[in-house]
Amino acid sequence: MEKKHRVLIFRCNEYNPDKIAGIIKEGMEELGVKPFGKILLKPNVVLAHPEVFPHAFTRKEFLDGVISATKARAEGVEEIAVGERSGITIPTRFNFKMAGYLDVIKKHNIKTYYFDEVEQVPFALKRKENLRKNMFFPRPVVESDFLINLPKFKAHPWCRLTLSLKNFIGIQDDRHRLVDHNLFLEHKIADLQEVIQPKFIAIDGITAGQKMMLTPTPFDMGAIVMGTNSCAVDTVGCHMVHVDPKDLIHLRLTSERGFGPMNLEEIHVGGDFPLEEVQEKTRGFEFCMEHIDDYFREDCNLSCTVGTFPETHSPDYCWGGCPGALQEAMHIFKGYYPNVYQEMKKVRYVVGKVEGPLPLDSDEKVIFAGDCTSWEGDIDGEHVRIESSYRPPWKVDEKKTQSNDMLTRNLKPGLVLFKNRKSRYIHLKGCPVSVADHVHYISGLGKIGNPNFDSRLLLDANIAYWQMRFGRFMNRFL
Ligand code: SF4
C-alpha cells in the first residue's frame, strides 16, 4: 500500500524551549513545512493552573519552541498569532495567564486571539453527513492561511483520546461549542474539520495525560509527534498508546469523509523514537472510559442512575454530554478539595430515560440532569414527573444558542438553588448541562465548596472576565 502520509515521532524528555525548537525545526524541514501568510497557532489550553490543573494544557515551553521554529522556517509572513477558546466558561485570558503564555507571547512579539472575544462568523457546511448547514467560528480561524495545531497528548473520558482532531473543539466559542456536544460529539468533531485543516501539527507528548482531560494523571511519554494530516497523526497517536484507530470514533468518521488515513499501512512513521519503543514505554498508559454508575461507587457520596438515551447510534450511554461533564466536575472538586467524595452530602444523579422507583436514602438529594432525562415516581410522598425535552440536532437552531456567560453561569445556579431550597430534587436543563453548571449544582446540593469561588480562581478569573468583556466590546469596532 502506498504510504502517502508522513508522521514523525521524536524523543524529548524535558520542557526546554531551545531543545523543542530544534526538534520542531527538524520536523518541519523533514516534512517540507514552510509556514506563510497569516499563521495561527492553536494550542490546547482547555484549563490551566500551575497547582490545580498542571497537566491539562500544551505547555508554554512547547509553544515557545514551536514559535521559534515557525519564525525560522516561515516565508511571506503577514502575522503570527496564538488563538484558543478555553473550556468551562472561564475566560481564555485567565488560562493563558495561568499557563504562562503571556511571557512567551511577549518574548516573541506575536499576536493573541482570544476566541471568546473576536467576531464569530458563519461557515456553510455542504456534506449530507453534516449535523447542520452552518457552524460558527472565530474570524481569525476562518481567515488564517496556515493553521498550526498544537494539541496536548491526553486520554479523554468521553472520546478515548484527544489529539489533533479533537483539539478543534477549542476553535469554537462557548455559545457554539456546546451545540451538539452530546450524543453527537464525535460527529461534531468530524464536522469541525471542514472549516480548515491544519497545515502542520505538533503534539506535546513530553508529559502526556492519562484518564481525564481536565485533571489528567501525568505520564512521562517523552515524545513529540509531528505531521501534516490530522487523521494520519491521530492514527499514529492511537497506536502509540495501544488504541485501535477504529475505536476513536471521530477519527473513523473524519477518515471516512476522505480527510486522511486511519490505517497505519498508509503512513510512513519516521523520527528518532520508533513506534515499537513508544508502545513498550506506554504499556501501562491508563484510560477512563467508565460509565458514571460504575465510576462513582462505595467510597463516594455521589451515586448515579443511568437510563437509556434517545439516539439509535448510542442508546446505552451519552458519551459526549452530561455524564462526562459530571465526571470532569467531580475531578475539578477533587483537585481543590481532595476529600470531597466523602465530605459531600449524599446526591443522586439521574440521567437518561429512567423507569421504576429510585432507591433513595432519606437524606439524599436528587439531580435530574439534562433535557433527555425523564422519570416518574414518588419522592417523599410527592408525585414527581420529569419530562424529556430533548431535541435532535436538526431541531436546534445554532443561531439561537445561549451565551454561556461566566457571570450569568455563576449567579443563576445560586438563584435556582435558593428557589428550590425546600425541594429534594432539581431538574437541570441543557443538552448538555455544562461542566460549569455541574460544579455549581453539585456544590450547592452536596454542601461543599465551590471552586469558582476559591481564592485560587476567584480574583484572577473575575479580572479576566471583565477584560474579556472589554476586549469583546472593543473588537466590535475593529
Ligand atoms: S441531555 Fe445530556 S445526557 Fe441527554 S442527550 Fe443531551 S447531553 Fe446527553
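Things to note about the overall build of the chain
Across its full length, the chain holds 16 helices and 17 strands. For 478 residues, the compact-globule estimate of 2.2 N^0.38 gives 23 Å, and the chain sits close to it at 22 Å. Dimensions along the principal axes, computed over C-alpha positions, put the chain at roughly 70 × 50 × 45 Å. Here the chain, with 478 residues, has 60% of them falling under the buried criterion. Long-range contacts, defined here as pairs at least 24 residues apart, represent 75% of the contacts in the chain between residues at least 6 apart. Of the roughly 19,500 Å² of accessible surface on the chain, a fraction of 49% belongs to carbon and sulfur atoms.

Let's talk about the site of the ligand
Taken together, 15 residues are adjacent to the ligand, and Cys318, Cys322, Asp371, Cys372 and Cys431 come closest. When contributions to the shell around the ligand are tallied by element, the ones reaching two or more residues are helix H12 (322-336) and strand S15 (365-379). With three residues, S15 is the single largest residue contributor to the shell around the ligand. Of the residues contributing to the shell around the ligand, the split by class is 10 nonpolar, four polar and one charged.

A look at helix H14 (residues 406-419)
Since one α-helical turn is 3.6 residues long, residues separated by three or four positions face the same way. For H14, which comprises 14 residues, the first-to-last C-alpha distance of 21 Å matches the rise-based estimate of 20 Å (1.5 Å per residue) to within 8%. Within H14, the full set of buried residues consists of Met406, Arg409, Asn410, Pro413 and Leu417. Taken down its axis, H14 places every buried residue within 100° of arc, on the same side. Exposed and oriented more than 90 degrees from the buried face of H14 are Leu411, Leu415, Phe418 and Lys419. Packing partners of the buried residues in H14 comprise strand S17 (425-428), helix H15 (435-446) and helix H16 (458-475).

Observations regarding the state of the cysteines
In total, this model carries zero disulfides according to the counting rule given. Cysteine 238 carries a free sulfur, and the closest cysteine sulfur to it, the one in cysteine 231, is 10 Å from it. A residue is classified by how much of its surface remains accessible, and cysteine 238, at 0% relative accessible area, is buried. Summary of cysteine pairing: cysteine 300 is not part of a disulfide, and the nearest cysteine sulfur, belonging to cysteine 304, is at 7.8 Å.

Things to note about H16
For H16, which comprises 18 residues, the first-to-last C-alpha distance of 25 Å matches the rise-based estimate of 26 Å (1.5 Å per residue) to within 8%. Those residues of H16 not exposed but buried are Ala461, Ala464, Tyr465, Met468 and Gly471. The buried side chains of H16 occupy one side of the element, clustering within an arc of 135° when seen end-on. Residues of H16 that are exposed and angled more than 90 degrees away from the buried face: Leu459 and Phe470.

Describing the packing of helix H8 (residues 230-240) against helix H9 (residues 249-256)
Remark: H8 packs on H9, axes separated minimally by 10 Å, with the N-to-C direction vectors making an angle of 145°. Considering only the axes of H8 and H9, their crossing is left-handed. On H9, the residues touching Cys231, Asp234, Thr235 and Cys238 of H8 are Leu251, Thr254 and Ser255. For the contact of H8 with H9, the class distribution of residues is three nonpolar, three polar and one charged.

Re the nonpolar core
If you look at the biggest cluster of nonpolar residues, it comprises 141 residues, and the most contacted ones within it are Ile24 and Leu302. Per-element accounting of this core gives the leading share, eight residues, to H12. Two domains each donate at least three residues to this core, and these are domain 1 (5-281) and domain 2 (292-391 + 406-452). Counting 10 residues, the second largest nonpolar core, distinct from the first, contains Val354, Ile379, Val384 and Ile386.

Some thoughts on the environment of aspartate 316
Relative to the elements of secondary structure, aspartate 316 occurs in the loop between strand S13 (302-306) and H12. It is 39 Å that separates the C-alpha atoms of aspartate 316 and tyrosine 113, two residues lying 203 residues apart in sequence. Look past the residues within four positions of aspartate 316 in its chain and what remains in contact with it is His291, Val306, Gly307 and Phe309.

A word on the environment of methionine 226
Looking at where methionine 226 falls in the secondary structure, it is placed in strand S11 (residues 217-227). Each C-alpha atom, one on methionine 226 and one on glycine 270, is 9.6 Å from the other, the two residues being 44 residues apart in sequence. Residues contacting methionine 226, with those up to four places away along its chain left out, are Arg6, Val7, Leu8, Phe10, Ile23, Ile24, Gly27, Leu31, Phe200, Ile201, Ala202 and Val233.

Details of the domain arrangement of the chain
Many analyses report the size of an interface as the accessible area lost when the parts associate. Taken as a whole, the chain is organised into domain 1 (5-281) and domain 2 (292-391 + 406-452). One C-alpha centre belongs to domain 1, the other to domain 2; they are set 31 Å apart. Tallying the contact residues gives 19 residues for domain 1 and 27 residues for domain 2. At the junction of domain 1 and domain 2, the tally comes to zero salt bridges. A breakdown of the residues in the side of domain 1 that touches domain 2 according to their chemical character gives 14 nonpolar, five polar and no charged.

Conventions we followed
Residue positions are counted from 1 within each chain, in the order its sequence is given. This being a predicted model, a pLDDT of at least 70 is required before a residue's local features are given, and a value of 80 or more before pairs of side-chain atoms are given or counted; all residues contribute to the totals for chains, interfaces and linings. Note that the side-chain values use all heavy atoms of the structure and ignore hydrogens as well as water. Helix and strand labels come from DSSP, where a helix needs a run of H or I of at least four residues and a strand needs a run of E of at least two; each type is numbered from the N terminus. Atoms considered for the radius of gyration are the C-alpha atoms alone. The globule rule reads 2.2 Å times the number of residues to the power 0.38. Think of it in three bands: with a 1.4 Å probe and only protein chains considered, a residue is buried below 20% of the maximum accessible area for its type, exposed above 50%, and partly exposed in between. Working rule for contacts: check all heavy atoms of both residues, and any pair within 4.5 Å makes them a contact. Under the convention used here, a 1.4 Å probe and the Shrake-Rupley method define accessible areas, while residue burial counts only the protein chains that appear. Working definition: residue near molecule or strand if any one of its non-hydrogen atoms lies within 4 Å of it. Throughout, the ten residues Ala, Val, Leu, Ile, Met, Phe, Trp, Tyr, Cys and Pro are labelled nonpolar, Asp, Glu, Lys and Arg are labelled charged, and all others, Gly among them, are labelled polar. Take the residue count of a helix, subtract one, and multiply by 1.5 Å to get its expected span. The directions from the helix axis to the C-beta atoms are what the arc is built from. Here, two cysteine sulfur atoms that lie within 2.5 Å of each other are counted as a disulfide. For helices, the fitted line uses only the C-alpha atoms of the stretch in contact; every axis is such a line through C-alpha atoms, and the angle between N-to-C directions lies from 0 to 180 degrees. Crossings are assigned a handedness: left-handed for a near helix turned anticlockwise from the far helix by less than a right angle, right-handed for a clockwise turn. Residues enter a nonpolar core if they are buried and are Ala, Val, Leu, Ile, Met, Phe, Trp, Tyr or Cys, with the set joined through side-chain atoms within 4.5 Å. Residue ranges assigned to the domains are those given by an automatic or database domain assignment. By definition here, a salt bridge exists when the distance from a side-chain nitrogen of Lys or Arg to a carboxyl oxygen of Asp or Glu is within 4 Å.

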